[in-house]
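Each chain is listed here by its residues.
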Amino acid sequence: MRHSTRIAVGPVQFRIGSDWAEPVAALERLYAGYPRDETRPADATVRLFAARPWRRWLRPSVHIGGDFVVPDALPLPLSMGLLAAEMGMNLQVALGWRRHMLLHASAVAKDGRALIMSGESGSGKSTLAALLGEDGWRLMGDEFTLIDPAAGDAFAFPRAVSLKNEAIAEVAARVDAARLGPLLAGTPKGDIRHLIPRADAIAAMHEPARPALLLFPRFGGEIAVEPMGEGEAFVRLTEASTNYVALGEAGFAALTRLVRETPAFCITYPDSAAGIALVGQLWAEMVR
Amino acid sequence: MTDRAYRSAPAGALRIEALGELTAIFDRRSMQTHLVVSPMPEILGAMGEEACNPAVLAARLAASFDFDSEGDARPILAERLAELAAMGLVERA
């Protein structure tokens, strides 16, 4: 590949190669504050490549490749090369990582204890994590949370937060513009802008946190809090884990332990401010 | 059909964890996770090492739980055993 870079996010060392300079330059800017170890072998490889050699110049279009490939992944225009890189990184972790149980969930931590939020796209888990990360919590990640199968601890995957649509203005109003990436307008997921996590969250990215509260947020509607039983939390988290099946009994043990030891709630909230207040209230009540 | 006997899984094949109203069962042979509700865990717990049919099972369960082993229990247990067999958690003797 003509252009390449190495990025370490939590325990995962990525090698990203690209036929074009732009996506690599954009990544290097977003991840400039992350620790770098050029000698460490890559855990996951992402390749952004042109479909045909001449396509690099003529209507350039980015294909995503790597150790794992989803055959029908659509090529993206070069202006969305950063999004293609991010999708490639997510894909390699989601499909390839085996050292931890991987939950499709955001997480923040306080005093060494983790709040894990799992939900579909649009549940607000990413926005809540980003806002909490600016409000006295350590941002562990907006997309994936890693659970150590042996000890049960949560580990961070603090990639640059992918802010979407309305969340962009909400977060941009609170942070230094230097911590925001370029606006990627009209992507298949709507408008996207990346937020670089706070320096202290990046510095602490290898520190484990004990899971203390599990939330399943739902954005939109009257405020509601419903306790969730261990069985339902187990079912929801097997669905939210990308490698539960691959981990076999280790995954089963890790998940049964997580739902037994961690109180879980389904929360509904009408806007971010109400969501943040609700999280603070539940944390104060449940975590001592 | 209602008298068909079944045998429990070999010792160590299943890891059974109660999670509130659900019970999660990991089958080490197939690597599959099964989620079941009552009375499945109770049936598995009452099977013992020898093959047993619904009548034997009904008598054992009646000793621990409050129901009449002579009533409707046998056909219901026969159905549940067939379902457990379909999941691979017990096998026909």
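**Q** I would appreciate a short explanation of the overall build of chain A in the present structure.
**A** Of regular secondary structure, chain A possesses nine helices and 16 strands. Relative to a compact globule of 288 residues, whose C-alpha radius of gyration would be 19 Å, chain A shows 19 Å and is just as compact. For the C-alpha atoms alone, the extent of chain A along its principal axes is close to 60 × 45 × 35 Å. Expressed as a percentage of the 288 residues in chain A, the buried residues total 44%. A separation of at least 24 residues holds for 69% of the contacts in chain A among residues at least 6 apart in sequence.

**Q** Explain the sheet that holds strand β2 (residues 14-19) of chain B to me, please; I cannot follow it from the model alone.
**A** One key point about sheets: their strands pair by backbone hydrogen bonds, in either a parallel or an antiparallel sense. Ordered in space as β2-β3-β4 (chain B), the three strands form an open sheet in which the pairing is antiparallel. With one partner strand each, in any of the chains shown, β2 and β4 (32-36) of chain B form the two edges of the open sheet. Neighbouring strand axes in the sheet, compared pairwise and without regard to direction, differ in orientation by 20 degrees on average. Bridging between strand β3 (residues 22-27) of chain B and β4 of chain B involves five bridges; their strand directions are antiparallel. Within β4 of chain B, the position partnered with D27 of chain B by the bridge is Q32 of chain B. Docked against the sheet, helix α8 (residues 249-261) of chain A engages β2, β3 and β4 of chain B, running at close to 15 degrees with respect to β2 of chain B.

**Q** Explain the interface of chain B and chain A here, please?
**A** A common way to state how big an interface is: give the accessible area lost once the parts meet. Contact with chain B, which involves 12 residues of that partner, is made by 11 residues of chain A. When the residues that make up the side of chain B that touches chain A are grouped by side-chain class, the tally is six nonpolar, two polar and four charged.

**Q** Teacher, can you tell me more about the sheet that holds strand β13 (residues 190-195) of chain A here?
**A** Residue and element names in this part refer to chain A. What the three strands build is an open sheet, ordered β11-β13-β12; its pairing is antiparallel. One side of each edge strand has no neighbouring strand; the edge strands of this open sheet are β11 (161-164) and β12 (184-187). Neighbouring strand axes in the sheet, compared pairwise and without regard to direction, differ in orientation by 35 degrees on average. Pairing analysis gives four bridges linking β11 to β13, with the strands arranged antiparallel. If you follow K164 over to β13, its bridge partner there is I192.

**Q** I would appreciate a short explanation of the pairing of strand β3 (residues 44-50) of chain A in the present structure.
**A** Within a regular beta strand, the side chains point alternately toward one face of the sheet and then the other, so they alternate between its two faces. All names here are of chain A. With five of its seven residues buried, β3 lies for the most part within the structure. In this structure, strand β2 (residues 12-18) lies alongside β3, joined through five bridges in parallel fashion. Looking at the pairing, F14 lines up with A44 of β3.

**Q** Just checking my understanding: could you explain the domain arrangement of chain A for this structure?
**A** Residues and elements named next belong to chain A. Partitioning chain A into structural domains gives domain 1 (3-96) and domain 2 (101-286). Placing the centre of domain 1 and that of domain 2 at their C-alpha centroids yields a distance of 24 Å. Facing the 17 residues of domain 1 at the interface are 22 residues of domain 2. Sorting the residues of the side of domain 1 that touches domain 2 by element identifies α1 (21-30) and α2 (81-96) as the ones contributing at least two each. For the side of domain 1 that touches domain 2, the leading source of residues is α2, giving eight residues.

The rules behind each value
- Residues numbered from 1 in each chain as written.
- Chains lettered and ligands numbered in written order.
- Predicted model: local features only at pLDDT ≥ 70, side-chain atom pairs only at ≥ 80, totals over all residues.
- Helix = DSSP H or I, 4+ residues; strand = E, 2+ residues; numbered from the N terminus.
- Rg over C-alpha atoms; globule rule 2.2 N^0.38 Å.
- Buried ≥ 20, exposed ≤ 12 C-beta atoms within 10 Å, placed from the backbone.
- Contact = placed C-beta atoms within 7 Å.
- Pairing = 2+ DSSP bridges.
- Axes fitted to C-alpha atoms, helices over the stretch in contact; angles between N-to-C directions.
- Nonpolar A, V, L, I, M, F, W, Y, C, P; charged D, E, K, R; others polar.
- Domains from an automatic or database assignment.

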